[in-house]
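Below are the chains, spelled out letter by letter.
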Amino acid sequence: MPRTPNQSGKLLYILKILWQETDPEHKITVPQLIEKLEQNGINAERKSIYAHLKLLEDEFNFDILQPQKDRKGCALASRNFELPEVSMLMDMVQSSRFLTKEKSEQLLQKLSAQVSCHQAERIRRQIYRTGASAKGENERIYYTLDQINEAMNNNHQLSYQYWDWSLTQGKRARHGGERYSVSPWALIFQDENYYLVAYESKSDRIKHYRVDRIQQACEEIDKLRVGKEEFQQAHPATYAKRMFGMYGGREARVTLHCKANVLNAVKDRFGGEISVVPDFSQEFFTVQVLVSVSPQFYAWVFGFGQDMEIVHPVEVRKEYQTQLEQTLGKYLKKEI
């Protein structure tokens, strides 16, 4: 039988067909496999197909369902990523707010390639049924994340512009386009967004920035990072837990007196390792947590109504009380 130009790639073509078109529920017979190879200009015999399938299994550790064991045909029985894992990852990409629609689609296509075409179609139908959330607008976020990681690996500082929204100007660079110069120390994924945690020498403090709002491509500065001690003092392992809506504020250790029914919410917010002290009645508990005191923290407390009370420090309790009174005052003064 004469050799064709693609003959030397027979093994790869067989693997490609199995990868794209088969799974435990969708098998392909040896005659069908031979026909598909011929469509790609490759001559094949039944014996050589058996030999190549055995080679894929024995030498390259692919989990092949052999045709000799199943009259319905052969298939790729398992992969590095199982179907539920790919489904979960695709769902996360689809619902992610920091990814643009275009980047989400690119990632979904790449993840779809990790399963058979039949499985991918089924997953996509299931995911789109949930509906898409608001998506990001910064197409450069991949490159920005890469540049931030590269700067941290090189122990270098970063420079960039940072944007926000204006009622009159729409999207605009903050501080008149002035470039920020910071020492990057960590990336945090919180509230469906990526945040850069960095030390800013100008203000002599640790700050965080939404990565999708970093524009005018990050530039790595040939200066060594500073602020390592300040970053470590900021308790990096728990930094995100004490931030509410990733809004900054003064740091304080706050004592909360709570009803037992909000224990799950407190543990979810601050971590299962925090220590709580139950009251004698077992109906309430007290807990001390390190938080960044901000309006968002007060809003979180308010969401539990009478089931949560700020006990200490006194100044935090009074500040919360003032905010409640001022907010209530607005509603008492105005008539609809």
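Report follows, based on the coordinates. (Residues numbered from 1 in each chain as written. Predicted model: local features only at pLDDT ≥ 70, side-chain atom pairs only at ≥ 80, totals over all residues. Heavy atoms only, no water.)

## Concerning the overall build of the protein chain
(1) Moving on: Helix and strand counts for the protein chain stand at twelve helices and twelve strands.
(2) Moving on: Evaluated residue by residue, the protein chain yields a buried proportion of 40% over its 336 residues.
(3) Moving on: In the protein chain, the share of contacts with a sequence separation of at least 24, taken over all contacts with a separation of at least 6, comes to 65%.
(4) Moving on: A total accessible area of about 20,100 Å² is found for the protein chain, and carbon and sulfur atoms account for 51% of it. (Helix = DSSP H or I, 4+ residues; strand = E, 2+ residues; numbered from the N terminus. Buried < 20%, exposed > 50% of the residue type's maximum accessible area, 1.4 Å probe, protein only. Contact = heavy atoms within 4.5 Å. Areas by Shrake-Rupley, 256 points an atom, 1.4 Å probe, with all protein chains shown as cover.)

## Points about the pairing of strand β6 (residues 193-200)
(1) Moving on: The buried count for β6 comes to seven of eight residues, which makes it a mostly enclosed element.
(2) Moving on: Pairing geometry for β6 and strand β7 (residues 205-210), over six bridges, is antiparallel. When the bridges of β7 are listed, Tyr-195 appears paired with Arg-210. (Pairing = 2+ DSSP bridges.)

## Quick look at helix α2 (residues 30-39)
(1) Moving on: Within α2, burial applies to Val-30, Leu-33, Ile-34 and Leu-37. All buried residues of α2 fall inside an arc of 100° around its axis, so they share one side.
(2) Moving on: Just beyond α2, the residue with positive phi is Gly-41, at close to 75°. (Arc of directions from axis to C-beta.)

## Considering the nonpolar core
(1) Moving on: Counting 27 residues, the largest nonpolar core has Ile-148, Leu-158, Tyr-160, Val-182, Leu-196, Tyr-209 and Ile-214 as its most contacted members.
(2) Moving on: Listed by contribution, the elements that provide at least two residues to this core are α4 (83-95), α5 (101-112), α6 (117-128), α7 (141-153), β3 (156-166), β5 (180-190), β6 and β8 (214-224).
(3) Moving on: The dominant element in this core, judged by the number of residues it contributes, is α7, at five residues.
(4) Moving on: Residues Val-262, Val-289, Val-301 and Ile-310 belong to the second largest nonpolar core, which totals 21 residues. (Core = buried A, V, L, I, M, F, W, Y, C linked by side-chain atoms within 4.5 Å.)

## Structural notes on the sheet that holds strand β9 (residues 250-259)
(1) Moving on: Reading across from one edge, β10-β11-β9-β12 is the order of the four strands in this open sheet, with antiparallel pairing throughout. Looking at which strands have only one partner, the edges of the open sheet turn out to be β10 (276-278) and β12 (308-312). Sheet twist, expressed as the average angle between the axes of neighbouring strands with direction ignored, equals 35°.
(2) Moving on: In the sheet, β9 pairs with strand β11 (residues 284-293) via ten bridges, with the strands oriented antiparallel. Its bridge partner lying in β11, Leu-256 is registered against Val-287.
(3) Moving on: Packed on one face of the sheet, helix α10 (residues 263-270) meets β9, β10, β11 and β12 and runs near 30° to β11.
(4) Moving on: Strand contacts of helix α12 (residues 314-333): β9, β11 and β12, with the helix running at about 135° to β12, the strand carrying the most contacts. (Axes fitted to C-alpha atoms, helices over the stretch in contact; angles between N-to-C directions.)

## Some words on the environment of Gln-190
(1) Moving on: Note that Gln-190 resides in strand β5.
(2) Moving on: In this structure Gln-190 comes out as buried when scored by relative accessible area, which is 16%.
(3) Moving on: For the pair Gln-190 and Arg-210, spaced 20 residues apart in the sequence, the C-alpha separation amounts to 10.0 Å.

## Overview of the environment of Gly-73
(1) Moving on: If you trace the backbone, Gly-73 turns up in the loop between β1 (64-65) and β2 (75-76).
(2) Moving on: In this structure Gly-73 comes out as buried when scored by relative accessible area, which is 3%.
(3) Moving on: Beyond its immediate stretch of four places on either side in the chain, Gly-73 contacts Lys-27, Ile-28, Thr-29, Leu-65, Gln-66 and Pro-67.

By themselves, these observations are geometric and do not establish any function.
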